Amino acid sequence: MHVLLLGGTTEARRLAELLDAGSPGLRVTSSLAGRVAAPRRPPGQVRVGGFGGVDGLARWLREHDVDALIDATHPFAETISFNAAHAAALTHTPLLALRRPGWVPVEGDDWLPAGSLEEAAELLPTLGSRVFLTTGRTGLAAFADLDELWFLVRTVDPPGAPHPRSMEVLLERGPFRLDRERELLRRFRIDVLVTKDSGGAGTEPKLVAAREAGVPVVVVRRPPVPEGVPVAAEPAQALAWLAGHTDGEVGQGS
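One structure accompanies this document, and this report is about it. (Residues numbered from 1 in each chain as written. Predicted model: local features only at pLDDT ≥ 70, side-chain atom pairs only at ≥ 80, totals over all residues. Heavy atoms only, no water.)

## Looking at the packing of helix H5 (residues 178-187) against helix H6 (residues 205-213)
Quick reminder of the rule: Only the stretch in contact is used when fitting a helix axis, every axis being a line fitted to C-alpha atoms; angles between N-to-C directions are given from 0 to 180 degrees. A helix here means a DSSP run of H or I that spans at least four residues, while a strand means a run of E at least two residues long, and both kinds are numbered starting from the N terminus. Our angle categories are set so that under 35 degrees counts as roughly parallel, over 145 as roughly antiparallel, 65 to 115 as roughly perpendicular, and the remainder as oblique. Each crossing is labelled by how the near helix is turned from the far one, with a counterclockwise turn of less than a right angle marking it left-handed and a clockwise turn marking it right-handed. We call two residues in contact when some of their heavy atoms are within 4.5 Å. Polar here means any residue outside two lists: the nonpolar Ala, Val, Leu, Ile, Met, Phe, Trp, Tyr, Cys and Pro, and the charged Asp, Glu, Lys and Arg; Gly therefore counts as polar.
Where H5 contacts H6, the two axes come as close as 8 Å, and the packing angle between them is 50 degrees. One way to sum up the angle between H5 and H6 is to call them oblique. For the crossing formed where H5 meets H6, the hand is right-handed. Between H5, through Leu 178, Glu 181, Arg 182 and Leu 185, and H6, the contact on the second element is made entirely by Pro 205, Lys 206, Val 208, Ala 209, Ala 210, Glu 212 and Ala 213. Looking at the contact of H5 with H6, its residues break down into 7 nonpolar, no polar and 4 charged.

## Observations concerning the environment of Gly 214
Put simply, the test is: Each residue's exposure class comes from its accessible area (1.4 Å probe, protein chains only) as a fraction of the maximum for that residue type: buried when under 20%, exposed when over 50%, partly exposed otherwise.
Note that Gly 214 resides in the loop between H6 and strand E11 (217-220). For Gly 214, a relative accessible area of 55% gives the class exposed. For the pair Gly 214 and Gly 108, spaced 106 residues apart in sequence, the C-alpha to C-alpha distance is 7.9 Å.

## Notes on helix H3 (residues 78-91)
The condition is simple: Any helix carries an expected span of 1.5 Å times its number of residues minus one.
Given a rise of 1.5 Å per residue, 14 residues ought to cover 20 Å, and the 20 Å separating the end C-alpha atoms of H3 matches this to within 8%. Every buried residue of H3 is accounted for by Ser 81, Asn 83, Ala 84, Ala 85, Ala 87, Ala 88 and Thr 91.

## A word on the pairing of E11
The condition that has to hold: For two strands to count as paired, DSSP must find a minimum of two bridges between them.
Side chains of E11 alternate between two faces, with Val 217 and Val 219 and Val 218 and Val 220 buried alike. Across 4 bridges, the pairing between strand E6 (residues 111-114) and E11 is parallel. Bridge assignment links Ala 114 to a residue of E11, and that residue is Val 220. In this sheet, E11 lies alongside strand E10 (residues 192-196) in parallel orientation, the contact comprising 4 bridges.

## A word on the sheet that holds E6
Taking strand neighbours across the sheet as the criterion, the 6 strands line up as E6-E11-E10-E7-E8-E9 in an open arrangement whose pairing is parallel. Where the open sheet ends on each side, the last strands, each with one partner, are E6 and strand E9 (167-171). Averaged over all pairs of adjacent strands, the angle between their axes in this sheet comes to 20 degrees, without regard to strand direction. As judged from the 4 bridges shared by strand E7 (residues 130-133) and strand E8 (residues 150-155), these two strands associate in the parallel manner. The partner of Val 131 across the bridge, within E8, is Phe 151.

## A few points about the nonpolar core
Using the following cut-off: Side-chain atoms within 4.5 Å are what join buried Ala, Val, Leu, Ile, Met, Phe, Trp, Tyr and Cys residues into a set we call a nonpolar core.
Among the nonpolar cores identified, the biggest contains 19 residues, and Val 3, Leu 5, Leu 15, Leu 19, Ile 70 and Leu 242 are the most heavily contacted of them. Residue assignment for this core shows that the elements contributing at least two residues are strand E1 (2-6), helix H1 (10-22), strand E4 (68-71), strand E5 (95-98) and helix H7 (235-243). For this core, the element with the highest residue contribution is H1, accounting for 5 residues. In contact with Leu 5, other than residues within four places in its own chain, are Ala 12, Leu 15, Ala 16, Val 28, Thr 29, Ser 30, Ser 31, Ile 70 and Ala 72. With 18 residues, the next largest nonpolar core counts Leu 124, Leu 140, Leu 146 and Val 194 among its residues.

## Notes on the pattern of salt bridges
Using the following cut-off: In the sections that follow, a salt bridge refers to a side-chain nitrogen of Lys or Arg positioned within 4 Å of a carboxyl oxygen of Asp or Glu.
Within this structure, the stated rule accounts for 11 salt bridges. Here Arg 211 ties to Asp 109 by a salt bridge, and the two come within 2.8 Å at their closest N and O atoms. Here Arg 211, found in helix H6, pairs with Asp 109, found in the loop between E5 and E6; they are 102 residues apart in sequence, far enough to count as distant. Since its relative accessible area comes to 27%, Arg 211 is described here as partly exposed. Measuring nitrogen to oxygen at the nearest pair gives 2.7 Å for the salt bridge that ties Arg 187 to Glu 183. Taken together, the positions of Arg 187 and Glu 183, both in helix H5 and 4 residues apart, correspond to about one turn of that helix. Glu 183 sits in the partly exposed class, given a relative accessible area of 26%.

Structural data, given as structure tokens:
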């Protein structure tokens, strides 16, 4: 059986590890988008790059005899998730979305929801003047015209233009420690944080640090999973779903 795993996330790597360790009769191909210069490669077969839209992905599924498709991309990778849903329907390939749960505010949080990066940018001038921006390098254009604000931008790879005029870039990859997040807020005198609701424990410490410091957080809502696609919240649930398509043989050795 051949499984195509659309990856790039911690959950995708963990699922690939579980399948590699416990499912000797299963062939897994992990597909990475190639947007990060030095991605963490999962075990097993790996391909890097796009498919060429819905038709290209459908063609790949047919040509490589894919029996099941798991979309374990970032919660904000809306285009590839849309393409996966349509390609799976065209080829009658079972599809599962593996999505870590989003964050939930707790007592003491000062969160302001935003429907997009552009909406988040509109909120900022009323909230503060020194922004910790943790939404990735590809969306900086939404904040490029906010010349009156200063930005601390954290990304894995160096960002390109357009971007805010006044900014400092931190090239770092998570997971992040709470003491480090506290220190960043203090050192750079951050008075507002912007994040996508990506979920996960690896990047959650910034939310704790903001809560402790009384810093408001603009949280960009994640797009919905395509209609009709079943969702697993963790790799173990994805294993159970796969077992339903492989006579229960998936993950028995893990």
